[in-house]
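One-letter residues, chain by chain:
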Amino acid sequence: MNLFKSGDLLAFVIPVGLILVWQALSSAGYLAPEVLPAPTAVALAGWRLATSGELWTNIAISAWRAGVGFLIGGGIGFAFGLANGLSKLSERLTDPTIQMVRTIPHLAMIPLVILWFGIDETAKIFLVALGVSFPIYLNTLHGVRTVDAQLVEMGRAYGMTPVELFLKVVLPGALPSIFVGLRYALGIMWLTLIVAETISASSGLGYMAMNAREFMLVDVVVLSILIYALLGKLADSVARWLERATLSWHPAYIAR
Amino acid sequence: MTARTFSARLLSPRGLAAAFAPASAPKPQLRAAGGRGASVTLRGFSKSFGPKQVLKKLDLHAPAGQFIAIVGKSGCGKSTLLRAILGLDQPTDGVVTVADQPPTSDSARIMFQEPRLLPWARVLDNVLVGVRGLGKIEAREAALDALRKVGLGDRAGEWPSVLSGGQKQRVALARALVSRPRLLALDEPLGALDALTRIEMQNLLERIWQKQGFTAVLVTHDVSEALALADRVIVLEDGGVSLDLTVDLPRPRRRGSPGIARLEGQILDRLFGAADRDAPTDLHGDLAQELYA
Ligand SMILES: Nc1ncnc2c1ncn2[C@@H]1O[C@H](COP(=O)(O)OP(=O)(O)OP(=O)(O)O)[C@@H](O)[C@H]1O
Ligand SMILES: [Mg+2]
């Protein structure tokens, strides 16, 4: 990830410019601190929470929930996507049910999930896993199904075993589509976690923001929002880096 | 087996002259280096898709090392025939043998109309797909060697997407030949190439065939290509062999020589004869005039 390669610097022009304008408006008194505190005030709040350690524990607990939920949901979606892409029987058995469940907005399950699991970790992880599994499932299935049939025929004619055929032809062929699902799922992962933590939690970034609201600490609320943005960006960058590393054969990624 | 092909040839009117052409049959075997090729035999071969019978009781024998070309109109079952020879499809009826054994994925290699290279594997790894049962180092050596033979030894580390169409097809040829198959099936492998690259590839194919001595079954739409390369041209029509022509011309053959033009006329007569009778246009006459000019 050469984040600071000269071309990428261009991406920072607008965010940095916005922060400067924001600071200028705050300093000039156009923005009331109880509506939107100045960037410096937010930075100070960040420093305060960082030195007390509160910030890190909350980030860690949120990241842990996101990661575990993502692994579980992503794993399940990936497994069913592969199975249904490769086996007609499996598809006929499970796809209609999955498609039906998929139409329920997973956040609508929050009341039920609280009733089931209370407000402990299981509830949040369950919601993240549920939200993440569908985009991964759909894109994996699509990727496996649209693998070039001519290449599969070639593999068969050249005596590849089913395992070889899967590892050398089907999986690499499905990878671009799987990555689309992955990046989409990462977005859903943060969204779900934030909503879940905001509504019911006793730790984590969403809880930190809700707690600050009760004490009218606007700077901490803004800080939480900015951290969400940074974490989302970080996850996306990792996904993009993975994509580049594994799809280096793709004409769109061949470095010139 | 020889008797069977002989009689098939006698029965087809155009094949009569060919059957009596001097020293036609043994010659290919003499040319084949060390007799490495595998003979191909189809007996009473039929293939249906549902109610549609594509090939009907077809008999064909290609002796080891022969270069045999199959021409015929689109949809007449040429690819179906190749798939059967490769063991990719089972016949509805009849027997297929390659070197007197049922065909397996190890007995033959195929080249398709498209290169069908794995875009996510480097050129060398694509050639390695064709290698069976060798250690890592030997396999690499064999693949590099095959690449050198098709003139791409220096492109081993590249992605297929940066190669030209002709180069991709040469990688596919290297992949097909790296395991030194005894039978090579070619399903219009040069159809998508431009005319100049095509001639280049034809020459390359002929050279490698002469050196390695495998049996070659080439499906092509291009009659002149068939005549430039093959020992024998089969015309497939109505599910059977309608013409079996021995091409007894010295190699390398000169395109447009009178001998080739005469045979080309015979094949085109057979392919378009029926259409000519139905439609009293001058198309056929023009074509023939061009050919004999
Ligand atoms: N899997 C299949 N299912 C049903 N019909 C098929 C199948 N494969 C081939 N056919 C039919 O069999 C016939 C012969 O097909 P084949 O592909 O062998 O033709 P071909 O001679 O190779 O044609 P072309 O020169 O256009 O490649 C066609 O009518 C085709 O529609
Ligand atoms: Mg075909």
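Identification of chain B as Aliphatic sulfonates import ATP-binding protein SsuB 1 from Methylopila jiangsuensis is taken from an unreviewed UniProt entry. For the record of chain B, the UniProt heading Sequence similarities (unreviewed entry) holds the text "Belongs to the ABC transporter superfamily."

If you look chain A up in an unreviewed UniProt entry, it shows as Sulfonate ABC transporter from Methylopila jiangsuensis. As its UniProt record puts it under Sequence similarities (unreviewed entry), chain A is described as follows: "Belongs to the binding-protein-dependent transport system permease family."

Novice: I'd love a proper account of the overall build of chain B, names of residues and values included.
Specialist: Secondary structure summary: chain B contains eleven helices and nine strands in total. Within chain B, the proportion of its 293 residues that are buried is 53%. As displayed, chain B offers around 13,200 Å² of accessible surface, 55% of which is attributable to carbon and sulfur atoms.

Novice: I'd like a rundown of the interface of chain A and chain B, residues and numbers included.
Specialist: In this complex, chain A contributes 19 residues to the contact, which on the side of chain B involves 21 residues. Of the roughly 1,900 Å² buried between chain A and chain B on both sides combined, carbon and sulfur atoms contribute 64%. It is Glu-153, Tyr-158 and Trp-249 of chain A that lose the most area in chain A upon contact with chain B, and together they represent 38% of the buried surface on that side. Across the chain A-chain B interface, the total number found is three salt bridges. Here Glu-164 of chain A ties to Arg-132 of chain B by a salt bridge, and the two come within 3.5 Å at their closest N and O atoms. Where the side of chain A that touches chain B is concerned, the elements lending two or more residues are helix H8 (149–157) and helix H9 (162–199) of chain A. Residues belonging to the side of chain A that touches chain B are distributed by class as follows: ten nonpolar, four polar and five charged.

Novice: A description of the site of ligand 1 should follow, citing residues and the corresponding values.
Specialist: Residues and elements named next belong to chain B. Around ligand 1, a shell composed of Phe-49, Lys-52, Val-54, Ser-74, Gly-75, Cys-76, Gly-77, Lys-78, Ser-79, Thr-80, Glu-188 and His-221 is seen. In the environment of ligand 1, an oxygen atom lies 3.0 Å from a nitrogen or oxygen atom belonging to the backbone of Gly-77. Between an oxygen atom of ligand 1 and a side-chain N or O atom of His-221, the distance comes to 3.1 Å. When ligand 1 is considered free in solution it has 630 Å² of accessible area, and contact with the protein chains removes 59% of it. Grouping the amino acids of the shell around ligand 1 by side-chain chemistry returns three nonpolar, six polar and three charged.

Novice: Explain helix H2 (residues 13–27) of chain A to me, and be specific about the residues and the numbers.
Specialist: Taking 1.5 Å as the rise per residue, H2 of chain A with 15 residues should run 21 Å; its terminal C-alpha atoms sit 21 Å apart, in good agreement. Positioned one or two residues after H2 of chain A, Gly-29 of chain A has a phi angle of 85 degrees, which is positive.

Novice: Got a sec to walk through the packing of helix H4 (residues 54–86) of chain A against helix H7 (residues 121–145) of chain A? Specific residues and values, please.
Specialist: Each pair of packed helices can be summarised by the angle the axes make with each other and by the distance between the axes. All names here are of chain A. With their axes 6 Å apart at the nearest point, H4 and H7 run at an angle of 35 degrees to one another. Viewed along their axes, H4 and H7 form a crossing whose handedness is right-handed. Per-class residue counts for the contact of H4 with H7 are 18 nonpolar, nine polar and three charged.

Novice: I'd love a proper account of the layout of surface pockets, names of residues and values included.
Specialist: Residue and element names in this part refer to chain B. Considered as a void within the structure, the second largest pocket measures approximately 390 Å³ in volume. Counting residues per element, the lining of the second largest pocket draws most heavily on helix H6 (residues 136–149), at three residues. Here the lining of the second largest pocket is built from residues that sort into eight nonpolar, one polar and seven charged.

Novice: Describe the UniProt feature "transmembrane region" (unreviewed entry) in chain A, naming the residues involved and giving the relevant values.
Specialist: Residues and elements named next belong to chain A. UniProt's feature table lists "transmembrane region" (unreviewed entry) at residues 61–82, 103–119, 125–144, 165–182, 188–208 and 215–235, given in the numbering used throughout. Along residues 188–208 one finds 76% helix and 0% strand; the C-alpha atoms at either end are 20 Å apart. Taken end to end, residues 215–235 is 86% helix and 0% strand, and its first and last C-alpha atoms sit 31 Å apart.

Novice: So what's going on with the environment of Ala-11 of chain A? Which residues, and what values?
Specialist: Residues and elements named next belong to chain A. Tracing the chain through its elements places Ala-11 in the loop between helix H1 (6–9) and H2. Here Ala-11 falls in the exposed class, since its relative accessible area comes to 58%. Taking C-alpha positions, Ala-11 is 33 Å from Met-216, a pair spaced 205 residues apart along the chain.

Novice: So what's going on with the side chain of Asp-219 of chain A? Which residues, and what values?
Specialist: Mapped onto the elements, Asp-219 of chain A comes out in helix H11 (residues 218–246). For the buried Asp-219 of chain A, which has no salt bridge, the nearest side chain bearing the opposite charge is Arg-48 of chain A, at an N-O separation of 4.1 Å.

Novice: Kindly report on the packing of aromatic side chains, identifying the contributing residues and their values.
Specialist: All names here are of chain A. Applying the stated rule across the entire model yields five aromatic pairs over all chains. Ring centres of Trp-116 and Phe-126 lie 6.3 Å apart, and the angle between their planes is 80 degrees; on these two criteria the pair is classed as edge-to-face. One end of the pair, Trp-116, is in helix H6 (residues 110–117); the other, Phe-126, is in helix H7, and ten residues separate them in sequence. Taking relative accessible area as the criterion, Phe-126 reaches 28% and is therefore assigned partly exposed. Centroid distance Phe-117 to Phe-126: 5.5 Å. Interplanar angle 45 degrees. Geometry classified as tilted. Looking at Phe-117, the relative accessible area reads 28%, which means it is partly exposed. An aromatic cluster of three or more residues is present, and its members are Trp-116, Phe-117 and Phe-126.

Novice: I'd like a rundown of the UniProt feature "domain: ABC transporter" (unreviewed entry) in chain B, residues and numbers included.
Specialist: Under the UniProt annotation, the feature "domain: ABC transporter" (unreviewed entry) is placed at residues 40–263 of chain B. Between the end C-alpha atoms of residues 40–263 of chain B the distance is 24 Å, and the span holds 32% helix and 26% strand.

Novice: Explain the sheet that holds strand S4 (residues 93–98) of chain B to me, and be specific about the residues and the numbers.
Specialist: Residues and elements named next belong to chain B. Across the sheet, which stays open at both edges, the three strands sit in the order S2-S1-S4 with antiparallel pairing between neighbours. In the strand order of this sheet, the two ends are held by strand S2 (52–62) and S4, each with one partner. Ignoring strand direction, the axes of neighbouring strands in this sheet form an average angle of 25 degrees. Against the sheet, helix H4 (residues 78–85) touches strand S1 (40–49), S2 and S4, its axis set at about 120 degrees to S1.

Novice: Describe the packing of helix H10 (residues 205–214) of chain A against H11 of chain A, naming the residues involved and giving the relevant values.
Specialist: Residues and elements named next belong to chain A. Two elements in contact, H10 and H11, have axes separated by 8 Å at closest approach and are oriented at 160 degrees. In terms of their interaxial angle, H10 and H11 are classed as roughly antiparallel. Once H10 is placed against H11, the crossing between them reads as left-handed. For the pair H10 and H11, the contacting residues are Leu-205, Gly-206, Met-208, Ala-209, Ala-212 and Arg-213 in the first and Val-220, Val-221, Ser-224, Ile-227, Tyr-228 and Leu-231 in the second. Each residue belonging to the contact of H10 with H11 can be placed in one class, and the counts come to nine nonpolar, two polar and one charged.

Conventions adopted
- Residues numbered from 1 in each chain as written.
- Chains lettered and ligands numbered in written order.
- Predicted model: local features only at pLDDT ≥ 70, side-chain atom pairs only at ≥ 80, totals over all residues.
- Heavy atoms only, no water.
- UniProt positions renumbered as here; feature names shortened; annotations may be inferred.
- Helix = DSSP H or I, 4+ residues; strand = E, 2+ residues; numbered from the N terminus.
- Buried < 20%, exposed > 50% of the residue type's maximum accessible area, 1.4 Å probe, protein only.
- Areas by Shrake-Rupley, 256 points an atom, 1.4 Å probe, with all protein chains shown as cover.
- Contact = heavy atoms within 4.5 Å.
- Buried area = accessible area lost by both parts, 1.4 Å probe.
- Salt bridge = Lys/Arg side-chain N within 4 Å of Asp/Glu carboxyl O.
- Nonpolar A, V, L, I, M, F, W, Y, C, P; charged D, E, K, R; others polar.
- Near = heavy atom within 4 Å.
- Polar contact = N/O pair within 3.5 Å; in protein donor to acceptor, adjacent residues only side chain to side chain.
- Expected span 1.5 Å × (residues − 1).
- Axes fitted to C-alpha atoms, helices over the stretch in contact; angles between N-to-C directions.
- Left-handed = near helix turned anticlockwise from the far one by under 90°.
- 1 Å grid on protein atoms, 1.4 Å probe; cavity = no way out; pocket = protein on both sides within 12 Å on 5 of 7 lines; lining within 4 Å.
- Points joined across faces, edges and corners; volume = space filled by probe spheres on them.
- Lys, Arg positive; Asp, Glu negative; His and termini not counted.
- Phe/Tyr/Trp six-rings, centres within 6.5 Å; stacked < 30°, edge-to-face > 60°.
- Pairing = 2+ DSSP bridges.
- Parallel < 35°, antiparallel > 145°, perpendicular 65-115°, else oblique.

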